[in-house]
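# Reading the structure
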Amino acid sequence: MSSAEARRTALAAQGFTDASVSGVPDRRQLRRVLARTGLFQLDSVSVAVRAHYMPLFSRLGPYDRELLDSAAWNPTRRRPRMLVEYWAHEASLLPVADWPLLRWRMRELGDPRRRGNRELLERSPKLPDEILTAVKEAGPVSAGALERELGGGTRSGKGVWWNRSDTKRACELLFAAGELTTATRRGFERLYDLPERVLPPEVLAEEPDAEEASLHLVSRAARAQGVATEPDLRDYYRLSARRSHAAVSELVERGELEPVRVRGWSEQAYLHRGARTPRSVRARALLSPFDPLVWYRPRAERVFGFHYRLEIYVPRQHRKHGYYVFPFLLDDGLVARVDLKSDRKSGQLWVPGAFAEPGVDTGRVARELAAALREMAGWLGLHRVRVGQRGDLAPVLRALCD
């Protein structure tokens, strides 16, 4: 395959060549996108919009965020739960039916011999059982409420994000072990409950072994990426190299994956048998830093020639592009990047910086980017786009948005 064919194959696999939605997106479109991506990554940063909402917007355009909330956290009898939280590609929302494919990870992460688990259990051996009893009686319940009921215990770590009490750490241990799950969220605060009160009995009854589960997960990763190297496939669900290599070999033997060479790629690639390679791609999308198209930075660089690093933890004076930067997809290329912030008090989508990639048509990129930013602002309930001074695209973009 040529590198251009591989790029178009990857975009088609992620849903960027699917037919546009007529009318208001509903659960059918949510299922369609989920069938493409396999999962949505969760992240606590809300400077622009929380990460799990963006992949749907990038592929469907403006939609009611309650669509995703109801599928994940606010199910009804008429609209049952479609998504559940667990550690897949980092913290993620994944289809309820896929939860059993990670039971092996639950066993590993919940192992009392793991260092962090062992230290916690040595300090507070009764705490997990006390939490399970309290959740059974009062759930869904937050870690904060459990702290008030049971006491916080020792705190570990430095800083606001990592200074967790033993109660919170025990809740997360039980979540990782599959003994608790997220029933709903209040704001972004997780409310824990027992899996048997959240998930269907037929899902709870399944427990494939690690090898079988890894085979299914690599298959899903291959379908979601179209054409990929083994490290690409491994990263999608954060598998070990041993499990990933074994699964790839088995899928090649079954004919689900076809080894291919992509010109310009140094590593062996694998084409999923269901992958399509369109002749062209007509797409326009702002992408979250945690969109599956770009979340594995080596793949983004290999497929798109797009060197991308999140600079949240970089001191302000050393940032190259900004705090929370969104790649901009136009047709089959990543052509620009924009630092974004939702200024909800003033009702503005704030763009501190906008940067074009080398060799692009900056006039067209700026026009398309301005339209995409206005669309995103409207979706977020913001009344205007305000562009700052940083970046070579900023002057023309500011003129288009004012």
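Residues numbered from 1 in each chain as written. Predicted model: local features only at pLDDT ≥ 70, side-chain atom pairs only at ≥ 80, totals over all residues. Heavy atoms only, no water.

The next subject is the sheet that holds strand β16 (residues 384-390). Either a parallel or an antiparallel arrangement is found when strands of a sheet pair, and the pairing is made through backbone hydrogen bonds. Spatially, five strands are ordered β12-β13-β14-β15-β16 in an open sheet, and the strand pairing comes out mixed. Two strands close off the open sheet at either side, each with one partner strand: β12 (284-286) and β16. The mean angle between the axes of side-by-side strands here comes to 30 degrees, regardless of whether they run parallel or antiparallel. Relative to strand β14 (residues 333-343), strand β13 (residues 325-330) runs antiparallel, the two being bridged by six bridges. Bridge assignment links P327 to a residue of β14, and that residue is R337. Helix α16 (residues 394-401) rests against β15 (348-356) and β16 of the sheet, and its axis sits at about 160 degrees to β16. (Pairing = 2+ DSSP bridges. Helix = DSSP H or I, 4+ residues; strand = E, 2+ residues; numbered from the N terminus. Axes fitted to C-alpha atoms, helices over the stretch in contact; angles between N-to-C directions. Contact = heavy atoms within 4.5 Å.)

A separate point is the sheet that holds strand β2 (residues 83-88). Taken in spatial order, the three strands of this open sheet run β1-β3-β2, and their pairing is antiparallel. Edge strands, defined here as strands with exactly one partner in the open sheet, are β1 (40-41) and β2. Both β2 and strand β3 (residues 90-95) contribute to a ladder of six bridges, which runs antiparallel. Paired with E85 across the strands is L93, a residue of β3.

By the secondary structure assignment, K126 is in the loop between α6 (115-123) and α7 (127-138). With 62 residues separating them in the primary sequence, K126 and F188 have C-alpha atoms 28 Å apart.

Time to look at the packing of helix α15 (residues 362-379) against α16. The contact between α15 and α16 brings their axes to 9 Å, and the two run at 50 degrees. Considering their axes alone, α15 and α16 lie oblique with respect to each other. Read as a crossing pair, α15 and α16 show a hand that is right-handed. For the pair α15 and α16, contact is made by A366, R367, L369, A370, L373 and R374 and by V396, L397, L400 and C401, respectively. Partitioning the contact of α15 with α16 into residue classes produces eight nonpolar, no polar and two charged. (Parallel < 35°, antiparallel > 145°, perpendicular 65-115°, else oblique. Left-handed = near helix turned anticlockwise from the far one by under 90°. Nonpolar A, V, L, I, M, F, W, Y, C, P; charged D, E, K, R; others polar.)

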